[in-house]
Amino acid sequence: MDHVTGLRCTVCGHDYGVSEAMYTCPACGEAATLDVQYDYDLLKSRVLRDEIASDPQGWMWRYRALLPVEPGSAPPPLTVGGTPLYPAPRLAADLGLRSLWVKDEGRNPTASLKDRASAMAVVKAQEFGASLITTASTGNAAAALAGVTASVGMPALIFVPETAPPAKIAQLLVYGAKVILVKGTYDQAFDLCFAASQANGWYCRNTGINPYVGEGKKTAAYEVAEALGWDAPDVLATSVGDGSIIGGQYKGFYDLLQLGWIERMPRLIGVQAEGSAALYTAWRDGIDPVAMQPIDAHTIADSISAGLPRDRVKAMQAVRASGGAYVSVSDEEILAAIPHLAQSTGVFAEPAGAAALAGLRKAVDAGLVEPGERVALLATGSGLKDITSARKSVGDAVTVEPALDAVYAAVDAMGV
Ligand SMILES: *Cc1c(COP(=O)(O)O)cnc(C)c1O
Ligand SMILES: [Zn+2]
């Protein structure tokens, strides 16, 4: 792993060797996520953009030469990444944009972008010789960890709030993870998980604590750039809970810029739910992410419900350094975006995925995105993850007696 030069504290800037620090900066504490550092000159001389493009396997590991893994480490067998980036001309027209693409991260093996992070974390756990890997999650990170660990036969211990959507809990149990349902919030589950992992020497995948998960998530940005012929979009919109996805997208585009594979950074638009908008508020009010205080988070978009975003330092940096913006959207706007996205692109997203669309619309209306700009949107998770919310976003179907005249009456009523 000679292309990885160390781990840098995002708060004090201190550099640690890769074996000197495991989780956050020992000097600065939990807000201070470490950032993996690369020798870009070495990578430039070693990795060619066109060689990557000729790799026939469409998964995140096509970029493995750029990733912080040992050359001898075997990736987990599940096909994580390589998700489609769809042109969305009808959605673009609805928003008043010229070019819009939607990346369907629901196509990952456990149906969310979190598979990228969990696949990376499992490789690191194996490299560290861990016998057990643990995480706290609002649901998707856990489902992803359960799926990836199942694929390699590693035990996983999962902490989720007992209010997580049933489909996500079902995934955990079906994959055979050991599941602890916490009678409390995600934030409480998170603290319990980290404390238990520290006390027992388990490898902890927690977002914002583990420096490698964002390095997995950044492969979505690589794929966006590659799919657009290495002509990065002007803007990328994604929803934000802990802030690890948006931090990862920034890192991905930053890497590509250092390598000279793209020419400029996209502006990142982070979308938060109104009831869980800690980063939006801090960004708007110019508050230092280290000084942020926990809020009581409530939103229908469970995947972006985070009272104190764990990757807040990277998340704030991603938006500030890229010249982007945070926006916040109501639960009603999130729900309305589910059928809007589905009906204009064929991509069925869970509330947190559709939130990116609701936020992009707001950003366009507020003049944060210009009509002529090229915009990519991450649909971060599948709509099948949360059927209850999906059903709230649409009307009911008609029920008929099994008779043709009843069918015709219904068809007339529907205006077919
Ligand atoms: C985790 C998740 C998010 C938010 O990612 P953060 O890194 O917590 O900001 C958004 N959408 C989905 C579907 C997720 O699972
Ligand atoms: Zn520090």
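Just so you know, these numbers come straight off a predicted model, no measurement behind them. (Residues numbered from 1 in each chain as written. Chains lettered and ligands numbered in written order. Predicted model: local features only at pLDDT ≥ 70, side-chain atom pairs only at ≥ 80, totals over all residues. Heavy atoms only, no water.)

Novice: Help me understand the overall build of the protein chain, please; the structure alone is not making it clear to me.
Specialist: Along the protein chain, the regular secondary structure elements total 16 helices and 13 strands. The C-alpha radius of gyration computed for the protein chain amounts to 21 Å, which stays within 12% of the reference 22 Å derived for 416 residues, consistent with globular compactness. Across its three principal axes, the protein chain shows a C-alpha extent of roughly 75 × 45 × 45 Å. Counting across all 416 residues of the protein chain, residues that qualify as buried make up 60%. The long-range share in the protein chain, meaning contacts at least 24 apart out of those at least 6 apart in sequence, stands at 70%. Of the charged side chains in the protein chain, 33 are positive and 45 negative, and the gap between their average positions amounts to 2 Å. (Helix = DSSP H or I, 4+ residues; strand = E, 2+ residues; numbered from the N terminus. Rg over C-alpha atoms; globule rule 2.2 N^0.38 Å. Buried < 20%, exposed > 50% of the residue type's maximum accessible area, 1.4 Å probe, protein only. Contact = heavy atoms within 4.5 Å. Lys, Arg positive; Asp, Glu negative; His and termini not counted. Charge placed at Lys NZ, Arg CZ, Asp CG, Glu CD.)

Novice: How should I be thinking about the coordination of the zinc ion (ligand 2) in this particular structure?
Specialist: Any two of four tetrahedral donors ideally make an angle of 109.5 degrees at the metal, while pairs among six octahedral donors ideally make 90 or 180 degrees. At 2.2 to 2.3 Å from the zinc ion (ligand 2) lie its protein donor atoms, namely Cys9 (SG), Cys12 (SG), Cys25 (SG) and Cys28 (SG). Coordination geometry of the zinc ion (ligand 2): the four donor atoms subtend angles of 104 to 118° at the metal centre, consistent with an arrangement described as tetrahedral. Between consecutive donor residues of the zinc ion (ligand 2), the sequence gaps follow C-x2-C-x12-C-x2-C. Here Cys12 is found in the loop between β1 (4-9) and β2 (15-16), whereas its partner Cys28 is found in the loop between β2 and β3 (34-38), with 16 residues between them in sequence. (Donors = N, O, S within 2.8 Å, 3.2 Å for Na, K, Ca; no water. Tetrahedral: all angles 85-135°; square planar, octahedral: opposite > 155°, others 65-115°.)

Novice: Please explain the sheet that holds strand β8 (residues 178-182) as it appears in this structure.
Specialist: The strands making up a sheet are joined through hydrogen bonds of the backbone, oriented either antiparallel or parallel. Across the sheet, which stays open at both edges, the four strands sit in the order β8-β7-β6-β9 with parallel pairing between neighbours. Where the open sheet ends on each side, the last strands, each with one partner, are β8 and β9 (203-204). With four bridges joining them, strand β6 (residues 133-136) and strand β7 (residues 156-161) adopt parallel strand pairing. Each bridged residue has a counterpart across the sheet, and for Ile133 the counterpart in β7 is Ala156. (Pairing = 2+ DSSP bridges.)

Novice: Explain the sheet that holds strand β4 (residues 85-87) here, please?
Specialist: A sheet is described by the order of its strands in space; here six strands give the open sequence β4-β5-β13-β10-β11-β12, paired in mixed fashion. A strand with exactly one partner marks an edge of an open sheet, and here the two such strands are β4 and β12 (325-329). Between one strand axis and the next, the sheet turns by 25° as a mean value, whatever way the strands run. As defined by bridge partners, strand β10 (residues 235-239) adjoins strand β13 (residues 374-379) across three bridges and the pair is classed as parallel. Each residue of the ladder has a partner; that of Val235, found in β13, is Val375. Helix-sheet contacts for helix α10 (residues 244-259) involve β10, β11 (267-273), β12 and β13, and the interaxial angle to β11 is about 175°. (Axes fitted to C-alpha atoms, helices over the stretch in contact; angles between N-to-C directions.)

Novice: Help me out: how do you make sense of the site of ligand 1 in this one?
Specialist: Lining the immediate surroundings of ligand 1 are 16 residues, of which Lys114, Asn140, Gly241, Gly243 and Thr380 lie closest. One of the backbone nitrogen or oxygen atoms of Asp242 is found 2.8 Å away from an oxygen atom of ligand 1. Contact between ligand 1 and Ser244: an oxygen atom at 2.9 Å from a main-chain N or O atom of the residue. Split by residue class, the shell around ligand 1 holds four nonpolar, eight polar and four charged. (Near = heavy atom within 4 Å. Polar contact = N/O pair within 3.5 Å; in protein donor to acceptor, adjacent residues only side chain to side chain. Nonpolar A, V, L, I, M, F, W, Y, C, P; charged D, E, K, R; others polar.)

Novice: Before we go on, may I ask you to explain the environment of Thr399 in this structure?
Specialist: Relative to the elements of secondary structure, Thr399 occurs in the loop between α15 (387-392) and α16 (404-414). For Thr399 and Ala410, which are 11 residues apart along the polypeptide, the C-alpha to C-alpha distance reads 8.5 Å.

Novice: What should I look at first to understand a nonpolar patch on the surface in this one?
Specialist: Where nonpolar side chains cluster on the molecular surface, the patch consists of Val398, Val400, Leu404, Val407, Tyr408, Met414 and Val416 and spans about 710 Å² of accessible area. Classification of Leu404 as exposed rests on a relative accessible area of 55%. (Patch = residues over 30% accessible without salt bridge, like charges linked within 9 Å, V, L, I, M, F, W, Y side chains within 5 Å. Areas by Shrake-Rupley, 256 points an atom, 1.4 Å probe, with all protein chains shown as cover. Salt bridge = Lys/Arg side-chain N within 4 Å of Asp/Glu carboxyl O.)

Novice: Hey, could you run me through the pairing of β12 in this one?
Specialist: A regular strand places its side chains so that they alternate between the two faces of the sheet. Among the five residues that make up β12, five are buried, leaving the element largely enclosed by the rest of the structure. Residue alternation in β12 divides its side chains into two sets, Ala325, Val327 and Val329 and Tyr326 and Ser328, and both sets are buried. As paired elements, β11 and β12 share five bridges and run parallel to each other. Following the sheet pairing, Ile269 is matched in β12 by Ala325.

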